[in-house]
Amino acid sequence: MTTSLITPADPAAPRSPGGKTRRPDSRGLPVSARDALSIAGVWVALIVATTIVRPDFLSTQSLLAITFTMSITGILAVSQAIIVISGGLLDLSLPVSLIVSAWATVTVLNNGLPTWVAIPVGILTGMAWGALNGIIVVFGKLNPIIVTLATGFGGLAVMLIFFKSAQIPAQSDLRLYGLGRFLGLPNIFWPMVMVIVLGGLAFAYTRWGRRLIAVGGNASAAKARGINLRRMRLGSFIGAGAVAGLAGVMFSAVTPSFTPAAGASFQLIVIGAVILAGISLSGGKGNLLVLLLSIGFFATIPTSIAFFGLAPAWALVFQGALLIIAVGIDGYRLKRTAR
Amino acid sequence: MTTTATPATTLFDDPVLPAHRRILNSFRGPVGSITATLVVTLLVGLIWVGPSFFSPSNIQIVGVSVAIPLIVGVMASFALLAGVVDLSIGSMVGFGAVIFNQLVAAGLNAWLVALITVVVGVVVGLTNAFVIVRFGAEPLAVTLGMLTLLRGLSQVIVVNAPPSTLIEPLYNVTQGAIAGFPTLLLIGIGVTLIAAGIVSKTRIGRKVQAVGGDDRAAARAGISVSKVRVIALVASSVGAAVGGILYVGQLGSASNVLGTGLEFQIYAALMIGGYSITRGGVGNPIGGLLGLLVVAGITNILNVTFTDPNYLDLITAAILLAAVLVDRFRGGDSFE
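- In the annotation of an unreviewed UniProt entry, chain B is listed under the name Autoinducer 2 import system permease protein LsrD and assigned to Herbiconiux daphne.

- You'll find chain A entered in an unreviewed UniProt entry as ABC transporter permease, with Herbiconiux daphne given as the organism.

Structure (structure tokens):
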């Protein structure tokens, strides 16, 4: 069990080498199309149900709220997807990458430096955080879930020790960008779409992307074909960190003031969206366009809950239940394909 | 795990070593590193805090604070041992406490409510187990979902300030003392010793270890892997529910954030104590107790010296990483 299953989950189940390493473009498309259809179906059902109860749900306000929620969640989900697809299991310290990058961006701005310095600094901070995780995982040969569990709690503690809250300068360009809209949707929605499209293309058409999928699908086979596992793993953490850093920059643009704990609320929705999108925790497969649908669905839940007149905490209940169901379906599929 | 033929055992047994070598070797194992960590913690306490660190009143404070996590942790350790991890214990402690507190405040009989809380624990455990065992889903992700779900339910139930409750018998258990020792701590140690006995001396314990160690081999040996895992997950949830009830006794109330992050401290302590999240079959409740004492000792040092409590998570995280690294050097699974 040197490969990616966290626990030897089931005696009859996955990890039979030949069955799982199909090329993503040969038989992958029908599966992801089916995923896309079913997620879109559930999403539409949710929208229809909410509209029946509250006809005023279909409004620009809801659209803005949902796309706004989708933006940062979506970028973070791409970061998480890079880790999961490349077989790095999960990054539980993602909230820390988000907040530490946002904090770096805001600090640069507060020191009077221009925006074009602040944004790269934010992204680089995310990369540095990813590199830290990656180095511990690769050189300690430790399970990423435990490593990021520890760095997640440790990083949060460090941030709580060093700053209580951070504010973005109210008149800065970045802040004004965060308040603005483009084509009727929040400005920050568009970088998210770009990240998803570019990420999806990179996975499908670049050598790095294909290698990441290969490493995630079957690490030993990839190694046998001459792919440097350590470099790929470290690269995936740093790349995912850069994406999370971008999420941090966007987060700082739309949040007038935040505390170190502000990232925690993204954790589950991101993991849930990734798993619901059929990006299996065992690695090696996933489609970022399905991920976009899945994010949309998850982001609609809080707004729907508000329209149903339920307390906001119900969103947690539904998202938790959804994650359980999604993982169940994922496990069931793996079990079936293994037979 | 069960040795059927006697000649085989001699084949695989280590050669008999002289006594001093055997003692030295045992310190190279998990017990040694935990004991070393604990000794370091105590030394730091002695140097930084001074002799008052070992005063009876301070020991009592540590004992009381470690008791409930100990009970929850020992029950959760069965799931770890069986190779499934239950992240939802922190939220389950909170949810159990909230149900218990709210229903008692509503005027129901405390015993009946305790029973209801335990039943809720069983239901949560069965739900986790159903998805994990029946569908072969990833335990971490399933129980992360359950963690969020239960936290959400607690927040739905408790919106404003929670009511306070006082239940005589429960108060006596959580605050009382027998012959100078906190009753709760004695119960916790009792539970640990019983669990240690079950793990190392009984058939059930060996089955759990076998399932966690190598589930295919265990299945071939005729052990029902699913049954063992279902029972382990239910035990873990029920332990958390009981922990919740005890917290209500200790705190007199239950807020909707009770138990947040408790799972991190408990699992960090268990891993320091020789358990592993990534593979089952290793660890012993006694090690878990020592690990929890390390975490509780650090907490106490930070409290007594008025240090920012956030350092606790930082130090725990560092020790946790060191512990898994040491475990890997000792022959634990390496990642890739």
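Continuing now.
## What to know about the overall build of chain A
Stage number 1. What chain A contains, in helices and strands, is 14 helices and four strands.
Stage number 2. Its C-alpha atoms give chain A a radius of gyration of 20 Å, within 12% of the compact-globule value 20 Å for 339 residues.
Stage number 3. Expressed along its principal axes, the backbone C-alpha trace of chain A runs to roughly 55 × 50 × 35 Å.
Stage number 4. Expressed as a percentage of the 339 residues in chain A, the buried residues total 58%.
Stage number 5. Within chain A, contacts between residues at least 6 apart in sequence are counted, and of these 77% link residues at least 24 apart.
Stage number 6. Summed over all atoms, the accessible surface of chain A reaches about 13700 Å², with 69% contributed by carbon and sulfur.

## Observations regarding the pattern of salt bridges
Stage number 1. Summed over all chains, the structure comprises two salt bridges over all chains.
Stage number 2. Here Asp56(A) makes a salt bridge to Arg54(A), at a shortest N to O gap of 3.1 Å.
Stage number 3. Asp215(B) is the partner of Arg229(B) in a salt bridge, and the nearest nitrogen-oxygen pair spans 3.7 Å. One end of the pair, Arg229(B), is in helix 12 (residues 225-251); the other, Asp215(B), is in helix 11 (residues 215-220), and 14 residues separate them in sequence.

## Some thoughts on unusual backbone geometry
Residues and elements named next belong to chain A.
Stage number 1. In this structure, Leu-89 takes a positive phi of about 65° despite not being glycine.
Stage number 2. By the element assignment, Leu-89 lies in the loop between helix 3 (60-85) and helix 4 (94-110).
Stage number 3. Phi at Lys-141 takes a positive value of approximately 50°, unusual for a residue other than glycine.

## Side note on the confidence of the model for chain A
Stage number 1. Within chain A, residue pLDDT values average 85, and 91% of them lie at 70 or more.
Stage number 2. Below a pLDDT of 50 lies the segment residues 1-29 of chain A, which in the model reaches 62 contacts outside its immediate sequence neighbourhood of four places, other chains included.

## Some remarks on the environment of Ile99(B)
Residue and element names in this part refer to chain B.
Stage number 1. One can find Ile-99 in helix 5 (residues 89-105).
Stage number 2. A sequence separation of 145 residues divides Ile-99 from Gly-244, and the C-alpha atoms of the two residues are 9.0 Å apart.
Stage number 3. Residue contacts for Ile-99: discarding those within four places in its chain leaves Val-113, Thr-117 and Val-120.

Cut-offs and rules
Residues numbered from 1 in each chain as written. Chains lettered and ligands numbered in written order. Predicted model: local features only at pLDDT ≥ 70, side-chain atom pairs only at ≥ 80, totals over all residues. Heavy atoms only, no water. Helix = DSSP H or I, 4+ residues; strand = E, 2+ residues; numbered from the N terminus. Rg over C-alpha atoms; globule rule 2.2 N^0.38 Å. Buried < 20%, exposed > 50% of the residue type's maximum accessible area, 1.4 Å probe, protein only. Contact = heavy atoms within 4.5 Å. Areas by Shrake-Rupley, 256 points an atom, 1.4 Å probe, with all protein chains shown as cover. Salt bridge = Lys/Arg side-chain N within 4 Å of Asp/Glu carboxyl O. pLDDT = per-residue confidence, 0-100.

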